[in-house]
Every structure is written in structure tokens, then in C-alpha cells.
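# Working through the structure, step by step
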Amino acid sequence: MGRVNAGKTTILQRVCNTTDLPEVIDGKGNKVCIAGYYRSHHNIRDQLIFQSNQYFIFYDSCGFEAGSDDGLEKMEFVDEHASTPKLKEQIHAR
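Below, the structure is looked at part by part.

Procedures and definitions
Residues numbered from 1 in each chain as written. Predicted model: local features only at pLDDT ≥ 70, side-chain atom pairs only at ≥ 80, totals over all residues. Heavy atoms only, no water. Helix = DSSP H or I, 4+ residues; strand = E, 2+ residues; numbered from the N terminus. Contact = heavy atoms within 4.5 Å. Areas by Shrake-Rupley, 256 points an atom, 1.4 Å probe, with all protein chains shown as cover. Core = buried A, V, L, I, M, F, W, Y, C linked by side-chain atoms within 4.5 Å. Buried < 20%, exposed > 50% of the residue type's maximum accessible area, 1.4 Å probe, protein only.

With that out of the way, let us pick up the overall build of the protein. Secondary structure assignment for the protein yields three helices and three strands. For the protein, the sequential pattern of α-helices and β-strands runs α-β-α-β-β-α. Relative to all contacts within the protein whose residues are 6 or more apart in sequence, the contacts with residues 24 or more apart total 32%. For the protein, the accessible surface area stands at approximately 7,100 Å², while carbon and sulfur atoms represent 51% of it.

This is how it looks when you write it as C-alpha cells:
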């Protein structure tokens, strides 16, 4: 959606009506506490959740690169969650 420092987190903050940074939760429900998370660590399975509006769950793919194994894993994650019948696990916008 944009380069580093382009304002992507700011857009998410506006959607969720907050100025706080999101909490990062791994696939097992544990809070990920990594300094500099937004610049150094991107796992598409980690959820970004703003405490002020927990109805929205965001995922950071860090982009897709054609032909890479990492890109294939990311696309599989998106496809899996876009087509699951479980509403709580669905990705609604991609």
C-alpha cells in the first residue's frame, strides 16, 4: 500500500479512531513484543489490533514478490482466509 513512512499506520489509526499504535498478536494469541516491529519484523500471520476498536484486525504482508517462496506463503494465507466459512477467520478486504 505504500513505502516506509508513507502513512499506512496513520490510515489504520484513522479507521479505528485512535492515535495509539496497534498491539501485535501472533497466531497463538500471544502479544509480540519486538522493538521496531514495523521496520524489522513482518509475519503475515501476526494480527495488528487497536485496543480502541478490536473489531478490525489487520495483517502486514510487507508486500508480495513474484516467484518467491515467501510470496507464495503469503498468497496461500490470503486465499485460505478469504475462502474460509468461519466468519471470525475471514479476510474481508484484500
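That shown, we press on.
This part is about the nonpolar core. Core analysis: the largest hydrophobic core is formed by six residues, namely Cys16, Val24, Val32, Leu48, Phe50 and Phe58. Beyond its immediate chain neighbours, meaning those up to four positions away, Val32 contacts Val24, Ile25, Asp26 and Asp46.

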